[in-house]
Amino acid sequence: MFMKFTVQDLKHKKENGKKITMLTASDFPMALLIDKAGIDAVLVGDSLGMTTLGYEATTMVSMDEMIHHAKAVRRGVERALLVGDMPYLSFQTSDIDAVSNAKRFVDEAGCDAVKLEGGEDMSARVKAIVSSGIPVIGHVGLTPQTADKLGGYKVQGKDDASASKVAADAAAVSAAGACAVVLECVPRELARRITGELPVPTIGIGAGPHCDGQVLVTHDIIGYFDRFKPRFVKQYADIGKEISQAVEAYRTEVEEGIFPDAKHSF
Ligand code: KIV
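Worth saying up front: this structure is predicted, and the values here are computed from it rather than measured. (Residues numbered from 1 in each chain as written. Predicted model: local features only at pLDDT ≥ 70, side-chain atom pairs only at ≥ 80, totals over all residues. Heavy atoms only, no water.)

**Describing the overall build of the protein chain**
Selection rule: Numbered from the N terminus, helices here are DSSP runs of H or I no shorter than four residues, and strands are runs of E no shorter than two. Only C-alpha atoms enter the radius of gyration, while the globule expectation follows 2.2 Å times N to the 0.38, with N the number of residues. Burial here depends on accessible area, computed with a 1.4 Å probe over protein chains only, as a share of the maximum for the residue type. Under 20% is buried, over 50% is exposed, and the range in between is partly exposed. Charge counting follows a simple rule: Lys and Arg are positive, Asp and Glu are negative, and His as well as the terminal groups are ignored. Where a charge lies is defined by one atom per residue type, namely NZ (Lys), CZ (Arg), CG (Asp) and CD (Glu).
Regarding its fold elements, the protein chain presents 10 helices and 8 strands. For 266 residues, the compact-globule estimate of 2.2 N^0.38 gives 18 Å, and the protein chain sits close to it at 20 Å. Along the three orthogonal principal directions, the C-alpha set of the protein chain runs to about 65 × 40 × 40 Å. Out of the 266 residues belonging to the protein chain, those deemed buried represent 48%. Treating the 30 positive side-chain charges of the protein chain as one cloud and the 36 negative ones as another, the clouds have centres 5 Å apart.

**Observations concerning the pattern of salt bridges**
Side-chain pairing between opposite charges can occur once the charged atoms of the two side chains come close. What counts, and what does not: Salt bridge, as applied in this entry: a Lys or Arg side-chain nitrogen positioned within 4 Å of an Asp or Glu carboxyl oxygen.
Following the criterion strictly, the structure yields 14 salt bridges and no others. Put simply, lysine 13 and aspartate 40 hold a salt bridge, and the shortest N to O gap is 2.7 Å. With a gap of 27 residues between them, lysine 13 in helix H1 (residues 7–15) and aspartate 40 in the loop between helix H2 (28–36) and strand S2 (41–44) connect regions that are remote in the sequence. For aspartate 40, a relative accessible area of 3% puts it in the buried group. The salt bridge partner of aspartate 107 is lysine 103, with a shortest N-O separation of 2.8 Å. Of this pair, aspartate 107 and lysine 103 both sit in helix H5 (residues 95–107), 4 residues apart, which is roughly one turn of the helix. When its relative accessible area of 41% is taken as the criterion, lysine 103 is described as partly exposed. When salt bridges that share partners are traced, they join Lys4, Arg74 and Asp112 into one network.

**A word on the site of the ligand**
Inclusion rule: Whether a residue is near a molecule or strand is decided by its heavy atoms; if any one of them lies within 4 Å of it, the residue is near. Distance and chemistry together define a polar contact, namely a pair of N or O atoms within 3.5 Å, with one atom able to donate a hydrogen and the other to accept it when in protein, and with adjacent residues in sequence counting only for side-chain atoms on both sides. To measure how exposed things are, a 1.4 Å probe is used in the Shrake-Rupley method; for residues, cover is taken only from the protein chains shown. Note on residue classes: Ala, Val, Leu, Ile, Met, Phe, Trp, Tyr, Cys and Pro are nonpolar, Asp, Glu, Lys and Arg are charged, and everything else, Gly too, is polar.
If you check the shell around the ligand, you find Thr24, Leu43, Gly45, Asp46, Ser47, Asp85, Lys115, His139, Ile205 and Val217 and nothing else. In this structure, aspartate 46 approaches the ligand through a side-chain N or O atom, which is 2.9 Å from an oxygen atom. The protein chains hide 95% of the 260 Å² of surface that the ligand would expose on its own. The residue inventory of the shell around the ligand, partitioned by class, reads 3 nonpolar, 4 polar and 3 charged.

**A word on the nonpolar core**
For clarity, the cut-off: In this description, a nonpolar core means a group of buried Ala, Val, Leu, Ile, Met, Phe, Trp, Tyr and Cys residues linked to one another through side-chain atoms lying within 4.5 Å. Any pair of residues with heavy atoms lying within 4.5 Å of one another is described as a contacting pair.
Counting residues in each nonpolar core, the largest one holds 73 residues, and the members touching the most others are Phe105, Ile129 and Leu183. With residues up to four places along the chain from it excluded, the contact list for phenylalanine 105 reads Met63, Met66, Ile67, Ala70, Gly84, Asp85, Met86, Pro87, Gly110, Cys111 and Val114.

**Focus on the packing of H5 against helix H6 (residues 123–131)**
How we decide: Inter-axis angles, ranging from 0 to 180 degrees, are taken between N-to-C directions of lines fitted to C-alpha atoms, where helices are fitted over the stretch in contact. Oblique is the label for any angle not under 35 degrees, not over 145, and not in the 65 to 115 range, which are roughly parallel, roughly antiparallel and roughly perpendicular in turn. Should the near helix be turned anticlockwise from the far one by less than a right angle, the crossing is termed left-handed; should it be turned clockwise, right-handed.
Between H5 and H6, the least distance of the axes is 9 Å, while the angle of their chain directions is 50 degrees. By the angle class used here, H5 and H6 are oblique. Classified by chirality, the crossing of H6 by H5 is right-handed. Contact residues: Asp95, Ala98, Val99 and Ala102 in H5; Ala124, Arg125, Ala128 and Ile129 in H6. Here the contact of H5 with H6 is composed, by residue class, of 6 nonpolar, no polar and 2 charged.

**Overview of the side chain of aspartate 212**
Counting through the fold element by element, aspartate 212 comes out in the loop between strand S7 (202–205) and strand S8 (213–216). Look at aspartate 212 and you get buried, because its relative accessible area is 12%. Looking at aspartate 212, its side chain comes within polar contact range of the side chain of lysine 14, at 2.8 Å.

**Looking at unusual backbone geometry**
Geometrically, the link from phenylalanine 259 to proline 260 is a cis peptide bond, its omega value of 0 degrees lying close to zero. Here proline 260 is to be found in the segment after helix H10 (239–255). One non-glycine residue, leucine 89, lies in the positive phi region at around 70 degrees. Tracing the chain through its elements places leucine 89 in the loop between strand S3 (81–85) and H5.

**Overview of the pairing of strand S1 (residues 20–24)**
Quick note on the threshold: Paired strands, as defined in this entry, are two strands with at least two bridges between them according to DSSP.
Where burial is concerned, most of S1 is hidden: 4 out of the 5 residues are buried. Sheet analysis places S1 next to S2, joined by 3 bridges and oriented parallel. Residue leucine 23 lies in a different strand from S2, and its bridge partner there is valine 42.

**Some remarks on the domain arrangement of the protein chain**
Condition: An automatic or database domain assignment supplies the start and end points of every domain.
In terms of domains, the protein chain is made up of domain 1 (7–235) and domain 2 (239–266). Taking the mean C-alpha position of each, domain 1 and domain 2 sit 39 Å from one another.

**Thoughts on the packing of helix H4 (residues 63–76) against H5**
Between H4 and H5, the shortest axis-to-axis distance is 9 Å and the interhelical angle comes to 20 degrees. The angle between H4 and H5 places the two elements in the roughly parallel class. Here the hand of the crossing between H4 and H5 comes out right-handed. Contact with H4, carried on its side by Met63, Asp64, Met66, Ile67 and Ala70, involves Asn101, Arg104 and Phe105 of H5 and no other residues of that element. Among the residues making up the contact of H4 with H5, the classes are represented as 5 nonpolar, 1 polar and 2 charged.

Written as structure tokens, this is what we have:
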């Protein structure tokens, strides 16, 4: 019998010095596999706009598309904490929009929590959603939805001023009630400092080994998305190559009359 991983377990893990594991999923079969492998939290990330829907940027994915994918992932996740990622313009506009879209993730897709990008500027949104009873994970440092304003997909917090800004952002979302904070693309020593300062766990992506947990995009670690590969990604499998080989073998066998053979016919 499995024990469901809860929002409280995030904090327990930090307190006990145990690392939190998080991966993204955008469909049912991947969700099943990730959950079975014992990953603590599954994020239906807006990166699915690129990895699964083929958009040029994560900002192009809509709230309805996120709900559609979150519902599929929900059907595959039993144990892990399920987190819906608030897409671009689903929460920036007002507290009311933020709460009603966060509620959609919970009511329509059965998510346990939501994640949203932004620091001090978005702390009111975090507070509003948390006050409505929905746990929120913050996301600071490199925030892809507003990467243009940050000078592109670049490491954040490299100089003193920028490091103070990332630390202040993390502190602001934590003070607003976030149950964890994703730190994306920040130097490892800054991540270590913030992890030591925050009462809630940090979950790093490109933020070094000192965070309380780690998150990556599953498509990246299995080699299933090759448009670009950030330096912080470690690839554990080459599923794209396996799929290509299988598809080519099938094509050849059909063209050459090898498949279907007697074993695969009635
Ligand atoms: O959209 C996403 O996948 C994310 C990450 C933190 C991996 O936000």
